Amino acid sequence: MKNLKPITCRVDELIAVNKFEVDEENAHIELVSEDLSSLPDEEFGKLIRVCPAGLYREDENGIRSFDYAGCLECGTCRIACEATIIKKWEQPRPFMGVSYRFG
Ligand code: SF4
């Protein structure tokens, strides 16, 4: 499994038509540490692979990032890592978060 690159499925074009109201004062998803480099590789790797919006990232230098802006509220990351590195996952406050344009 070492040399396998994760296959990430993204739906960027479809996501781009959605509208997002980002709640800057209240992140609806938080990880157990703001220092993403301290998180276990296996667990963060899961998040990279499962998030359909591609919000969990690691660049070619191994620098990790996460931003809840653009979240589709699918809950997949919660299911994958709630027991490990997802500290908080809740629905955004009223009128915040994603508004789907196609239902
Ligand atoms: Fe990505 Fe879905 Fe988690 Fe939002 S809820 S960060 S879209 S996996």
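Our structure is the block above this text.
Counting restarts for each chain: residues are numbered from 1 in the order of the written sequence. Two thresholds apply to this predicted model, a pLDDT of at least 70 for residue-level local features and 80 or more for giving and counting side-chain atom pairs, whereas whole-chain, interface and lining totals are computed over all residues. In computing side-chain properties, one takes all heavy atoms of the structure into account and sets aside hydrogens as well as water.

### Here's the deal with the environment of Trp-89
No. 1: Helical segments are the DSSP runs of H or I of at least four residues, strand segments are the runs of E of at least two, and each set is numbered from the N terminus. Checked against the element boundaries, Trp-89 lands in strand E5 (residues 86–89).
No. 2: On the accessibility criterion, Trp-89 (10% relative accessible area) is buried.
No. 3: Taking the C-alpha atoms as reference points, Trp-89 and Arg-78, separated by 11 residues in sequence, lie 6.5 Å from one another.
No. 4: Discounting residues that sit within four places of it in the chain, Trp-89 has contacts with His-28, Ile-29, Glu-73, Gly-75, Cys-77 and Arg-78. For every residue, the accessible area obtained with a 1.4 Å probe (protein chains only) is divided by the maximum for its type, and the residue is called buried under 20%, exposed over 50%, and partly exposed between those limits. Whether two residues are in contact is decided by their heavy atoms, any of which lying within 4.5 Å being enough.

### Regarding the site of the ligand
No. 1: Put simply, a residue is near a molecule or strand once any heavy atom of it comes within 4 Å of that molecule or strand. Residues in close proximity to the ligand total 13 residues, the closest being Cys-51, Cys-71, Cys-74, Gly-75 and Cys-77.
No. 2: Split into classes, the residues belonging to the shell around the ligand amount to 10 nonpolar, two polar and one charged. Under the convention adopted here, Pro, Cys and the residues Ala, Val, Leu, Ile, Met, Phe, Trp and Tyr are nonpolar, Asp, Glu, Lys and Arg are charged, and Gly plus all remaining residues are polar.

### Structural notes on unusual backbone geometry
No. 1: The phi torsion at Glu-73 lies on the positive side, around 60°, for a residue other than glycine.
No. 2: Positive phi, close to 70°, is recorded for Phe-95, a residue that is not glycine.
No. 3: Secondary-structure assignment places Phe-95 in the loop between E5 and strand E6 (97–99).

### Examining the layout of surface pockets
No. 1: For cavity detection a 1 Å grid was placed over the protein atoms alone, and a set of points counts as a cavity when a 1.4 Å probe fits there but cannot get out; an open set counts as a pocket when protein lies on both sides within 12 Å along at least five of seven lines, with lining residues being those that have an atom within 4 Å of a point. Grid points are joined across faces, edges and corners, and a volume is the space filled by probe spheres set on the points. Approximately 180 Å³ is the volume found for the second largest pocket.
No. 2: Lining the second largest pocket, in full, are Ala-27, Ile-29, Glu-30, Leu-31, Val-32, Ser-33, Glu-34, Leu-36, Phe-66, Tyr-68 and Lys-87.
No. 3: Ranked by residue count, the leading element in the lining of the second largest pocket is strand E2 (residues 29–31), at three residues.
No. 4: Grouping the constituent residues of the lining of the second largest pocket by class yields seven nonpolar, one polar and three charged.

### Brief notes about the packing of aromatic side chains
No. 1: Note on aromatic contacts: the rings of Phe and Tyr and the six-membered ring of Trp form a pair at centre separations within 6.5 Å, being stacked when their planes are under 30 degrees apart, edge-to-face when over 60 apart, and tilted otherwise. Scanning the entire structure with this criterion turns up two aromatic pairs.
No. 2: Aromatic pair Phe-44 and Tyr-56: ring centres 6.1 Å apart, planes at 80°, arrangement edge-to-face. You can see Phe-44 sitting in helix H2 (residues 41–50) and its partner Tyr-56 sitting in strand E3 (residues 56–58), a full 12 residues away along the chain.
No. 3: Overall, the relative accessible area of 0% leaves Phe-44 in the buried class.
No. 4: Since its relative accessible area comes to 1%, Tyr-56 is described here as buried.
No. 5: Arranged with centres 4.3 Å apart and planes meeting at 15°, the rings of Tyr-56 and Phe-66 form a pair that is stacked. Residue Tyr-56 is found in strand E3, and its partner Phe-66 is found in strand E4 (residues 64–66); the two are separated by 10 residues along the sequence.
No. 6: Members of the aromatic cluster, each reached through a chain of ring pairs, are Phe-44, Tyr-56 and Phe-66.

### Description of H2
No. 1: Burial in H2 covers these residues: Glu-43, Phe-44, Gly-45, Leu-47 and Ile-48.
No. 2: Each element contacted by the buried residues of H2 is listed here: E2, E3, E4, helix H3 (76–81) and E5.

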